[in-house]
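# Working through the structure, step by step
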Amino acid sequence: MAVHCPECGFVNDEGSNYCRKCGAYLGASEPSDPTTATYRVGETGDIEPVELEEVVAQGAALVIRSGGGRVGETFAVEGERMSIGRRPESDVFLDDVTVSRDHALLVRRGGAYYLDDCGSLNGTYVNRQRVDSHRLEDADELQIGKYKLTYLER
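This structure is a prediction, so every number in the text was calculated from the model and none was measured.

## A closer look at unusual backbone geometry
Despite not being glycine, Arg128 has its phi angle at roughly 70°, a positive value. By secondary structure assignment, the location of Arg128 is in the loop between strand S11 (124-126) and strand S12 (129-131). Unlike most non-glycine residues, Ala139 shows phi in positive territory, near 75°. The exposure class of Ala139 is partly exposed, given its relative accessible area of 48%.

Okay, structure coming up:
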């Protein structure tokens, strides 16, 4: 029986411990505790726990659900626009070659947030559909490169 990589979806041989394509660990597919702890990286680089309800109560948030070993990292969605990409100056910095330097933008239009692709090579997906621009709703799943994020709003 083949083993699918949880990060990139590559089909690996039975008994494989690591993905031949991306190197991700293929161990237990379902964690024993399905709860994801959320956190943000503070100004000093330390991990700070986050109460997701508090972040969402103040607006919207993006939470990394898989990819890059950053599961649970949270970004408060603030302002009129937020950049998402591999460029270190990005508001949501996703450091992987599957992410373009200037991959996507979160833009506020008429009281709602939209996810706009910036001509990225690998595309931007919302709920598994490739999009150029999409109005985000609570619990939408975003895929940017190998990262899967969830958009949460109050």
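Right, picking up where we left off after that structure.
## Some details on the sheet that holds strand S14 (residues 140-144)
In space, the six strands of this open sheet follow the order S6-S5-S15-S14-S11-S12, with antiparallel pairing throughout. One side of each edge strand has no neighbouring strand; the edge strands of this open sheet are strand S6 (74-77) and S12. Strand-to-strand twist in this sheet, taken as the mean axis angle between neighbours without regard to direction, amounts to 30°. Where strand S5 (residues 60-66) meets S6, four bridges bridge the pair, whose relative direction is antiparallel. Directly across from Leu62, in S6, lies its bridge partner Phe75.

## Quick look at the nonpolar core
Taken as a class, soluble globular proteins show a tendency for nonpolar side chains to be buried jointly. Counting residues in each nonpolar core, the largest one holds 22 residues, and the members touching the most others are Leu62, Val77, Ile84, Leu94, Leu106, Leu115 and Tyr151. If you list the elements that add at least two residues to this core, you get S5, S6, strand S7 (81-85), strand S9 (104-109), strand S10 (112-117), S14 and strand S15 (147-153).

## Concerning the environment of Val97
Along the chain, the position of Val97 falls in the loop between strand S8 (92-93) and S9. Between the C-alpha atoms of Val97 and Lys146, which are 49 residues apart in sequence, the distance is 9.0 Å.

## A look at the pattern of salt bridges
In a structure, side chains of opposite charge can pair up when their charged atoms sit close to one another. What the rule picks out here adds up to five salt bridges. The shortest N-O distance in the salt bridge between Asp102 and Arg87 comes to 2.8 Å. In this pair, Asp102 sits in the loop between S8 and S9 while Arg87 sits in the loop between S7 and S8, placing the two residues 15 residues apart along the sequence. For Arg87, a relative accessible area of 31% corresponds to the partly exposed category. Among the ionic pairs, Arg128 bridges to Glu141, the shortest N-O distance being 3.9 Å. Residue Arg128 is found in the loop between S11 and S12, and its partner Glu141 is found in strand S14; the two are separated by 13 residues along the sequence.

## Observations regarding the sheet that holds S9
With mixed pairing, the five strands of this open sheet are ordered in space as S8-S7-S9-S10-S13. Strands with a single pairing partner mark the edges of an open sheet, and in this sheet they are S8 and strand S13 (133-135). When S9 meets S10, the two strands line up antiparallel, connected through six bridges. The partner of Arg109 across the bridge, within S10, is Ala112.

## Topic: the environment of Gly67
Looking at the secondary structure, you find Gly67 in the loop between S5 and S6. The exposure class of Gly67 is buried, given its relative accessible area of 0%. Not counting chain neighbours up to four residues away, the residues in contact with Gly67 comprise Glu7, Lys146 and Tyr147.

What counts, and at which threshold
Residues numbered from 1 in each chain as written. Predicted model: local features only at pLDDT ≥ 70, side-chain atom pairs only at ≥ 80, totals over all residues. Heavy atoms only, no water. Helix = DSSP H or I, 4+ residues; strand = E, 2+ residues; numbered from the N terminus. Buried < 20%, exposed > 50% of the residue type's maximum accessible area, 1.4 Å probe, protein only. Pairing = 2+ DSSP bridges. Axes fitted to C-alpha atoms, helices over the stretch in contact; angles between N-to-C directions. Core = buried A, V, L, I, M, F, W, Y, C linked by side-chain atoms within 4.5 Å. Salt bridge = Lys/Arg side-chain N within 4 Å of Asp/Glu carboxyl O. Contact = heavy atoms within 4.5 Å.

No statement about biological role is implied by the geometric values presented.
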